[in-house]
Amino acid sequence: MMPLVPTVLIVANWKMNTTPGDAAQLARAIADATDEPLVKRVICPPYVSLATVGQALAGTAVDVGGQDVHAEVSGAYTGGTSAEMLVGLASWCIVGHSERRRDQAESDELIGRKLLRCREAGLVPILCVGERLAEREQGRAEETVRNQLEGSLGVAASGAGGLDPRLVVAYEPVWAIGTGRTARGVDAAAMADAIRDSCAGLGLTDPAGMSVLYGGSVTSSSIGEFLAEPGIDGALVGGASLKVEEMAAIVARAALTGQARSEAART
Ligand code: PGA
């Protein structure tokens, strides 16, 4: 019997790539090439492609996610997209990506309010955290990530119902994003432990049950090192997620982990 909850999560972050037409074709090709029941797949295209991608994925088990959401519910915020507007188009949403922290100067407090909006709208949040190279070199990687979690989840926990039990945290060292460099699996696993510990301290009732992803230059060659770590539940994939063959190989590798973990859970 297949478990009800897939054990591995692979999230594609397409960033500012693809037109709506291209996105629909790519999404369908990826869905067809990655049909593995033990791997949950989520594609996060640009906002303008959410509808075409959703249509292209109809009848598949691939979910759609947003790449960001506005911290307010509605109002005079030109160019903004609220969580409520994503309902029906997406069921997941990336929040706090390091490119937005860098380019839009997003603070942890703002990211916390975005998490609140996701919770109100029923979107599963994928919260990104990660240190810069200097912080890692100074031995402050864990402290940085714990501060990011406290600053954002502290705000999110103040809302009705507290922290969203479906919370997904993606550990993405900033120096690994789009650079071809990756963290070592053991370092990512140590950070996953710290993330669960921080989330427990912030009131998450089942930290063992939360998903922690690794992200940063994940490819079909590097995914295995991360999934070999029991504390890592999947990956947030940027550049490689725009290539069908790469996604097929990444999800195939994830399916092996899914199989091994579901067998271990049964024994
Ligand atoms: P990358 O991006 O895989 O291209 O490094 C990952 C991300 O930014 O989510």
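The sections below set out a description of the structure shown in this document. Just so it is clear, the model here is predicted, and its values are computed rather than measured.

## A short note on the environment of Gly 80
Mapping Gly 80 onto the fold places it in the loop between strand S3 (63-66) and helix H3 (83-86). Gly 80 sits in the partly exposed class, given a relative accessible area of 30%. As a C-alpha pair, Gly 80 and Glu 36 span 44 residues in sequence and 35 Å in three-dimensional space. Setting aside chain neighbours within four positions, we find Gly 80 in contact with His 70 and Met 85.

## As for the side chain of Asp 68
Inspection of the secondary structure puts Asp 68 in the loop between S3 and H3. Look at Asp 68 and you get buried, because its relative accessible area is 9%. Beyond its immediate chain neighbours, meaning those up to four positions away, Asp 68 contacts Tyr 47, Leu 86, Cys 93, Ile 94, Arg 100, Glu 106 and Lys 114.

## Considering the side chain of Arg 101
Inspection of the secondary structure assignment puts Arg 101 in helix H4 (residues 98-103). For Arg 101, the side chain forms a polar contact with the main-chain oxygen of Cys 128, separated by 2.8 Å. Apart from the residues within four sequence positions on either side, Arg 101 is in contact with Gly 96, Glu 106, Asp 108, Ile 111, Leu 127, Cys 128, Val 129 and Gln 148.

## Details of the pairing of S3
Sheet topology note: the strand S2 (residues 39-44)/S3 ladder contains two bridges and is parallel. Bridged to Ile 43 within S3 is Val 64. For S3 and strand S4 (residues 92-95), the ladder comprises two bridges, and the chain directions are parallel. Residue pairing for S4: Gly 66 is matched across the bridge by Cys 93.

## Describing unusual backbone geometry
Its identity as a non-glycine residue notwithstanding, Thr 18 has a phi of 80°, on the positive side. Exposure remark for Thr 18: the relative accessible area of 26% places this residue in the partly exposed category. Residues other than glycine seldom take positive phi values, yet Ser 217 does so here, at roughly 60°. A residue is classified by how much of its surface remains accessible, and Ser 217, at 17% relative accessible area, is buried.

## Quick notes on the sheet that holds strand S7 (residues 211-215)
Taken in spatial order, the eight strands close into a barrel running S1-S2-S3-S4-S5-S6-S7-S8, and their pairing is parallel. Neighbour-to-neighbour, the strand axes of this sheet turn through a mean angle of 25°, independent of strand direction. Note that strand S1 (residues 8-13) and strand S8 (residues 234-237) share four bridges and pair parallel. In the strand pairing of S8, Val 11 is matched with Leu 236. The sheet contacts of helix H5 (residues 108-121) involve S4 and strand S5 (124-129), and relative to S4 the element is tilted by about 175°.

What counts and what doesn't
Residues numbered from 1 in each chain as written. Predicted model: local features only at pLDDT ≥ 70, side-chain atom pairs only at ≥ 80, totals over all residues. Heavy atoms only, no water. Helix = DSSP H or I, 4+ residues; strand = E, 2+ residues; numbered from the N terminus. Buried < 20%, exposed > 50% of the residue type's maximum accessible area, 1.4 Å probe, protein only. Contact = heavy atoms within 4.5 Å. Polar contact = N/O pair within 3.5 Å; in protein donor to acceptor, adjacent residues only side chain to side chain. Pairing = 2+ DSSP bridges. Axes fitted to C-alpha atoms, helices over the stretch in contact; angles between N-to-C directions.

Interpretation note: all reported values are geometric properties and have no functional meaning in isolation.
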